[in-house]
There are 2 protein chains.
Amino acid sequence: MSSMSTTTQDSTTSVAAATASAAAAAAELADAPLERRAAMLRGIADAIDHAGPELVPIAASETGIAADRLTGEVARTTGQLRLFADVVEEGSFLEATIDHAVAGATPPRPDLRRLLVPVGPVAIYAASNFPFAFSIAGGDTASALAAGAPVVVKAHPGHPETSARTAAVVSDAIASQGLPAGTFAVVDGFDAGTELVQDPRIRAAAFTGSTRGGRALYDLAAQRPDPIPFYGELGSVNPVVITSAALDARADQLADGLVTSFTTSAGQLCTKPGVVFVPSGSDFAARVGRRVPSTVTRLLTPSIADTFHSRLTDLAALDGVEVVAGSDAAGGDAAPVVLSATTRAIAEHPELLDETFGPTTLLVHYESLDDLTAILLSIGGALSGTFHGAEGEEGHPVVAALREIAGRVLFDGWPTGVAVTWGQQHGGPWPSSTSLHTSVGASATRRFLRPLAFQSAPEAALPKALVESNPLAIPRRVDGILVLP
Amino acid sequence: MSSMSTTTQDSTTSVAAATASAAAAAAELADAPLERRAAMLRGIADAIDHAGPELVPIAASETGIAADRLTGEVARTTGQLRLFADVVEEGSFLEATIDHAVAGATPPRPDLRRLLVPVGPVAIYAASNFPFAFSIAGGDTASALAAGAPVVVKAHPGHPETSARTAAVVSDAIASQGLPAGTFAVVDGFDAGTELVQDPRIRAAAFTGSTRGGRALYDLAAQRPDPIPFYGELGSVNPVVITSAALDARADQLADGLVTSFTTSAGQLCTKPGVVFVPSGSDFAARVGRRVPSTVTRLLTPSIADTFHSRLTDLAALDGVEVVAGSDAAGGDAAPVVLSATTRAIAEHPELLDETFGPTTLLVHYESLDDLTAILLSIGGALSGTFHGAEGEEGHPVVAALREIAGRVLFDGWPTGVAVTWGQQHGGPWPSSTSLHTSVGASATRRFLRPLAFQSAPEAALPKALVESNPLAIPRRVDGILVLP
């Protein structure tokens with residue numbers, strides 16, 4: 001493929017040029033028929049599938065992530081693009097609503113028709129830990145393109161060549177569908193990132209990364225003369241609660257599951273179980289300790305490795321914290337480490353409940369349900385909350401606390417692994433996200449849409465989704481009643 | 001009614017007490033069956049209808065708004081509460097979604113079920129210009145209660161007694177439905193307003209008022225350690241475009257319509273047509289001028305009157321601006337004033353395109369379509385945009401510009417009068433709002449909801465909306481397919 005020879009230099013561009021081009025493309029993309037938008041998403045998916053064998057080794061070398069996981073991630077990425085093509089064709093995402101005129105009402109009601117339209121050019125900040133699925137052509141890009149919004153991606157510095165090559169594949173696929181070049185662009189570098197979120201042409205931004213980095217960009221978005229929505233998917237400790245009865249029933253299975261979950265991808269997943277609450281006096285820590293492998297893995301970036309080492313050093317030195325298993329590696333590498341803490345240590349050192357990105361988890365021994373609930377609520381927000389109970393414990397009071405703080409509540413499972421489906425939710429209360437939306441799954445599209453109503457519009461002035469005869473054959477709400485095509 | 005004797009002192013409370021009580025009520029309100037939530041909304045509506053004859057004279061005396069408009073506004077307010085009761089019972093607002101497990105997928109997919117749940121206690125800032133429909137029991141309150149979120153309203157100082165009495169009616173109605181007292185509270189005063197949006201228990205805020213006031217509160221919301229969504233419905237000039245062909249067909253009718261629309265409620269409506277674009281060389285200004293009444297009306301507050309007088313004085317003094325009709329009154333009163341300007345004056349003095357709250361409108365004489373489009377786009381955002389063309393002009397290029405900047409595009413009508421329906425949209429790009437949502441109509445509820453997914457949950461742990469048998473009989477998306485009950 002000729003596009004694969006494109007260099008980094010060619011495939012990134014200045015922020016001003018990228019956003020100007022995106023703004024120029026916005027109307028054409030918004031007005032393109034839904035089937036063309038769906039075809040574009042499937043075209044990108046096909047092109048990435050085709051390029052996968054060439055992209056994976058590059059990403060493996062840049063990130064240290066195993067090639068087989070990356071191959072799976074390419075499939076996830078293209079599956080994601082195809083799901084959004086389905087979402088576009090199904091048409092519910094438009095929220096098409098028709099209220100016919102009611103001449104006899106007081107006051108008389110005009111004909112009103114409403115749908116969601118693309119918000120305009122959006123900024124996407126790629127993540128380090130998914131060089132495909134949350135990067136150049138990842139879920140944020142796919143959901144924005146599905147919404148009909150031109151995308152300017154800020155590439156992550158952790159995998160520059162992967163980004164440049166994926167960008168070329170995406171641009172070629174968009175061009176071959178006959179859609180405007182401004183539909184998609186990539187910019188590069190820290191300064192480009194801060195410039196992008198402040199660019200007047202950008203109408204919304206989505207970010208996956210650390211709470212600190214996300215907060216800085218959120219603040220820039222909020223401080224604009226014209227503030228824009230900033231959808232940050234940030235840090236999360238993803239609390240797990242295990243009851244005594246669950247341990248009685250399946251302690252070894254739980255220990256196996258935990259070790260697999262927190263060490264997967266070297267613990268560099270936003271849904272890694274970071275804090276696990278187990279009953280005080282149980283031998284669960286010992287069971288976990290015996291299972292922790294000593295595998296040394298390269299972390300994604302030197303900065304992630306530095307933060308991992310220094311946080312572990314700090315946490316392990318706190319009163320009431322013990323090292324259950326593992327010993328920290330050095331430099332850019334890491335080996336799994338399990339810490340344990342008393343609830344009193346947590347109360348004295350709330351930083352224990354901050355996310356530590358990398359292969360480590362913290363076992364907290366709880367004495368009482370009240371203590372446990374208070375600590376859970378103090379977490380404030382998490383992408384996920386997991387409950388391991390025994391049969392008959394479905395109504396356990398701690399589940400209510402997990403529902404209050406988490407975006408996804410799991411039963412008898414582990415939070416790593418986020419299926420891309422219609423019903424997925426990835427995003428919870430602050431500090432896990434800045435959003436009342438999801439960044440994974442069908443409804444992620446809603447972030448890049450704004451409502452637009454037409455009052456007393458002649459048919460010729462209406463978008464097809466709102467024309468009386470329903471030519472797009474989509475679900476619509478007509479005079480308050482949801483009607484299927 | 002004993003509650004009507006409640007004094008202002010009794011019906012407002014400290015911010016900390018109100019939010020603590022709201023937080024304590026949140027779970028009970030969230031878990032109450034939907035039919036109880038709907039009954040609460042209808043109970044409040046009935047109580048306000050009953051109290052209407054007593055409330056209207058108080059509001060009339062406090063605001064200077066005519067009693068007959070206020071009587072209509074009470075009906076609008078209670079109609080709004082009843083619409084949200086219908087929304088709650090219909091159940092689509094929950095966005096219930098079920099993805100059954102797919103064991104054979106790679107990787108295997110767990111069972112995932114998602115719905116929207118109340119975000120927690122919300123802050124509502126009442127408006128000056130609708131002492132019922134956008135105040136204590138107005139659309140924001142109704143949509144938040146429909147979402148299942150406890151409400152703390154910051155009363156508007158322009159109608160304190162109306163607020164206190166309405167609050168007592170609402171509190172009594174909620175108590176008589178057996179719902180917790182923390183469901184609803186009112187706080188009072190400027191400091192309470194700034195404290196409220198920063199209170200850690202408040203999870204979202206909605207505001208109707210000026211761009212300046214809304215921006216100040218938006219900034220406080222964004223600067224919190226845990227930022228929260230701030231839904232501001234702010235200022236808007238609601239541009240109107242009239243073509244030559246429309247003037248040829250019905251100039252007098254257009255002049256009548258404009259004068260009625262910009263003088264209704266003394267021009268103190270957020271959808272007042274503030275800028276009207278007419279072809280250069282037409283006699284439309286003279287036709288409008290002949291129709292402008294000299295009626296002097298009291299404005300809502302002394303501060304609104306001061307701003308009105310000083311803005312009119314400043315604008316009328318600008319080069320290229322002429323007074324077409326009317327002369328400003330003095331003190332707290334105002335009479336309708338029509339200004340006109342050239343497009344050159346607009347280019348030199350962009351402040352002409354800022355909202356002037358009160359009975360005034362600005363006619364802008366455009367020379368070319370390009371000039372007109374450029375000025376429209378420079379407005380950035382508006383609640384509404386209106387097009388008056390002739391038959392055959394439905395595809396006029398200016399309509400695209402109106403779609404780009406407005407939340408509601410009207411044809412052959414006037415933007416004042418916002419029907420409360422399923423398909424209404426009240427909210428547009430900045431500076432008309434800070435939101436990708438509406439503050440009027442059924443989907444206003446979405447502002448106070450957050451998504452929550454359940455993974456592999458046993459039936460006993462699921463909310464009723466997600467139980468397999470669909471006991472609530474609501475529309476749900478099952479394995480990607482929208483299914484009606």
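I will try to describe carefully the structure that is included in this document.

What counts as what
Residues numbered from 1 in each chain as written. Chains lettered and ligands numbered in written order. Predicted model: local features only at pLDDT ≥ 70, side-chain atom pairs only at ≥ 80, totals over all residues. Heavy atoms only, no water. Axes fitted to C-alpha atoms, helices over the stretch in contact; angles between N-to-C directions. Helix = DSSP H or I, 4+ residues; strand = E, 2+ residues; numbered from the N terminus. Left-handed = near helix turned anticlockwise from the far one by under 90°. Contact = heavy atoms within 4.5 Å. Nonpolar A, V, L, I, M, F, W, Y, C, P; charged D, E, K, R; others polar. Core = buried A, V, L, I, M, F, W, Y, C linked by side-chain atoms within 4.5 Å. Buried < 20%, exposed > 50% of the residue type's maximum accessible area, 1.4 Å probe, protein only. Expected span 1.5 Å × (residues − 1). Pairing = 2+ DSSP bridges. Least-squares fit on C-alpha atoms with pLDDT ≥ 70 in both. Salt bridge = Lys/Arg side-chain N within 4 Å of Asp/Glu carboxyl O. Phe/Tyr/Trp six-rings, centres within 6.5 Å; stacked < 30°, edge-to-face > 60°. Lys NZ or Arg CZ within 6 Å of the ring centre and 35° of its normal.

To continue, consider the packing of helix α2 (residues 15–31) of chain B against helix α7 (residues 190–198) of chain B. Residues and elements named next belong to chain B. Put simply, α2 and α7 touch, their axes get as near as 10 Å, and they point 35° apart. Here α2 runs over α7; the crossing is right-handed. Residues V15, A16 and T19 of α2 pack against A192, E195 and L196 of α7. Considered class by class, the residues forming the contact of α2 with α7 number four nonpolar, one polar and one charged.

Judged by nonpolar contacts, the single largest core of 238 residues is most densely connected at F448(A) and F448(B). Grouped together as the second largest cluster of nonpolar side chains are 44 residues, L196(A), F230(A), A123(B) and A222(B) included.

Along its 24 residues, helix α4 (residues 67–90) of chain B runs 34 Å from first to last C-alpha, staying within 8% of the 34 Å computed at 1.5 Å per residue. Downstream of α4(B) by a residue or two, G91(B) has a phi angle that is positive, lying close to 90°.

Okay, the sheet that holds strand β9 (residues 275–279) of chain A next. Across the sheet, which stays open at both edges, the twelve strands sit in the order β11(A)-β13(A)-β14(A)-β9(A)-β8(A)-β15(A)-β16(A)-β17(B)-β2(B)-β1(B)-β18(B)-β19(B) with mixed pairing between neighbours. At either end of the open sheet lies a strand with only one pairing partner, and these are β11 (321–325) of chain A together with β19 (481–483) of chain B. This sheet shows a mean twist of 25° between the axes of neighbouring strands, independent of strand direction. As judged from the two bridges shared by strand β1 (residues 97–99) of chain B and strand β18 (residues 476–478) of chain B, these two strands associate in the parallel manner. What sits directly across from T97(B), in β18(B), is R477(B).

Mapping chain A onto chain B calls for a rotation angle of 180° and an axial translation of 0.0 Å; the resulting RMSD is 0.0 Å. When the rotation and shift are considered jointly, the pair of chain copies conforms to a two-fold rotation axis. Relative to the rotation axis, the C-alpha of A222(A) is the closest in chain A, positioned 3.2 Å from it. Looking at the interface residues of chain A, 100% of them are also at the interface in chain B, so both copies use one shared face.

Let us now look at the sheet that holds strand β3 (residues 122–125) of chain B. Residues and elements named next belong to chain B. Sheet architecture is open: five strands sit in the order β5-β4-β3-β6-β7, paired in parallel fashion. On the outer flanks of this sheet lie β5 (184–187) and β7 (230–233), each paired with one strand and no other. With direction set aside, neighbouring strand axes in the sheet form an average angle of 15°. Bridge count between β3 and strand β6 (residues 204–208): four bridges; the pairing is parallel. Looking at the pairing, I124 lines up with A206 of β6. Packing against the sheet, helix α8 (residues 211–223) makes contact with β3, β6 and β7, and its axis sits at approximately 175° to β7.

Below, the discussion takes up the pattern of salt bridges. Applying the stated criterion to the full structure yields 44 salt bridges over all chains. For the salt bridge of R201(A) with D199(A), the shortest nitrogen-to-oxygen distance reads 3.9 Å. Assessed through its relative accessible area of 34%, R201(A) is described here as partly exposed. Residue classification places D199(A) among the buried residues on the basis of a relative accessible area of 7%. D111(B) is paired through a salt bridge with R113(B); the nearest N and O atoms lie 2.8 Å apart. With respect to class, D111(B) is no different from R113(B); both count as buried. Overlapping salt bridges bring together D252(A), D256(A), D283(A), R287(A) and R291(A) as one network.

Across all of its chains, the model carries twelve aromatic pairs over all chains by this definition. Aromatic ring contacts, followed pair by pair, group Y125(A), F207(A), Y218(A) and F230(A) into a single cluster. Sitting over the face of the ring of F130(B), R69(B) holds its NZ or CZ atom 4.7 Å from the ring centroid.

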